[in-house]
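Coordinate inspection notes
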Amino acid sequence: MKRLIVLLSIILVLVTGCSIKKLDNSDIGKNIKILLTEKVNLHNVYFEGYKYYVPKGLKFVNKEEYNALLTDRMKNQYYLYVDAISYYHKVENTYEIDEDVHYSKVLNYNKKTGYLQINEFDDKYFIQFVFNYAKVEALIRKKDLTEAINNICYLLRSVKYNDKVLESLIGDNILSYQEENYSLFDTETEDDYLDVVKKYNPGYTRDMEDEKIQLDE
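Notes on the structure in this doc start here. (Residues numbered from 1 in each chain as written. Predicted model: local features only at pLDDT ≥ 70, side-chain atom pairs only at ≥ 80, totals over all residues. Heavy atoms only, no water.)

**Description of the packing of aromatic side chains**
- On inspection of all chains with the given rule, the structure shows 8 aromatic pairs.
- Note on Phe-47 and Phe-60: the rings are 6.0 Å apart at their centroids and 35° apart in plane angle, and the pair reads as tilted. Remark: Phe-60 occurs in strand β3 (residues 58-64) and Phe-47 occurs in strand β1 (residues 45-47); sequence separation between them is 13 residues.
- Measuring from centroid to centroid gives 5.8 Å for Tyr-50 and Tyr-66, while their planes differ by 35°, and the two rings are tilted. With Tyr-50 in strand β2 (residues 50-52) and Tyr-66 in the loop between β3 and β4 (67-72), this residue pair connects regions lying 16 residues apart in the sequence.
- Given a relative accessible area of 22%, Tyr-66 falls into the partly exposed group.
- The structure contains a cluster of three or more aromatic residues connected by ring pairs, namely Phe-47, Tyr-50, Tyr-52, Phe-60 and Tyr-66. (Phe/Tyr/Trp six-rings, centres within 6.5 Å; stacked < 30°, edge-to-face > 60°. Helix = DSSP H or I, 4+ residues; strand = E, 2+ residues; numbered from the N terminus. Buried < 20%, exposed > 50% of the residue type's maximum accessible area, 1.4 Å probe, protein only.)

See below:
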């Protein structure tokens, strides 16, 4: 009987002491604030100089240097780039709000900065999500937007760098990086954007974009 009372007391403390924040299916800005302000220490993927957490909504496919490919249950692809060089040099976020795109927001939570920009492309959204010196790009169906943003938040907020390891990797090769053009916080140029679109849509050409512009006009 005493054991039952103690157990019930522990459960009561856990229930009353923890608040569950519910995500909104229609307000990605609210979800971003909730997820990026939470302090977490979860990691299930480890590499030299950094680690991060891949949530259940995403699946790790492969990695090449600082780049990784992930997919979700809807078969959307996510391209992750961890910019250890910019982290090492503490490059500042210079992104400015773009009023001409579907969504544009500067991010600053828990002393970590970045931005989210979403461009509308036919029946899909092209996401550029930068936070904590890591960047995710994805071209997804519009109906998958909220879930995609939530998954990216879980991923980017968890990135943690190992300063000592990065010092040994980057510090010893500082001459090789001193002329590096750090552009993590810059949005894509037109050419870069089309290259990314082609990566998700094989067969897409600049002529198709020109035809779309003419039809819009």
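Moving on, there is more to tell.
**Some words on the environment of Leu-80**
- Note that Leu-80 resides in strand β5 (residues 77-82).
- According to the relative accessible area criterion, Leu-80 is buried, its value standing at 3%.
- A sequence separation of 12 residues divides Leu-80 from Ala-68, and the C-alpha atoms of the two residues are 5.1 Å apart.
- Contacts of Leu-80, omitting those with residues within four sequence positions, involve Tyr-52, Tyr-66, Asn-67, Ala-68, Leu-70, Ala-134, Lys-135, Val-136, Leu-155 and Leu-156. (Contact = heavy atoms within 4.5 Å.)

**With respect to the environment of Ala-148**
- If you trace the backbone, Ala-148 turns up in helix α4 (residues 145-157).
- Expressed as a C-alpha distance, the spacing of Ala-148 and Leu-58, which sit 90 residues apart in the sequence, is 9.1 Å.
- If sequence neighbours within four positions are ignored, Ala-148 has contacts with Tyr-78, Ile-127 and Ile-140.

**Notes on the sheet that holds strand β10 (residues 160-161)**
- If you trace the 3 strands from one edge of the open sheet to the other, you get β1-β2-β10, paired in antiparallel fashion. Where the open sheet ends on each side, the last strands, each with one partner, are β1 and β10.
- When β2 meets β10, the two strands line up antiparallel, connected through 2 bridges. Bridging from a neighbouring strand, Lys-51 pairs with Lys-160 of β10. (Pairing = 2+ DSSP bridges.)

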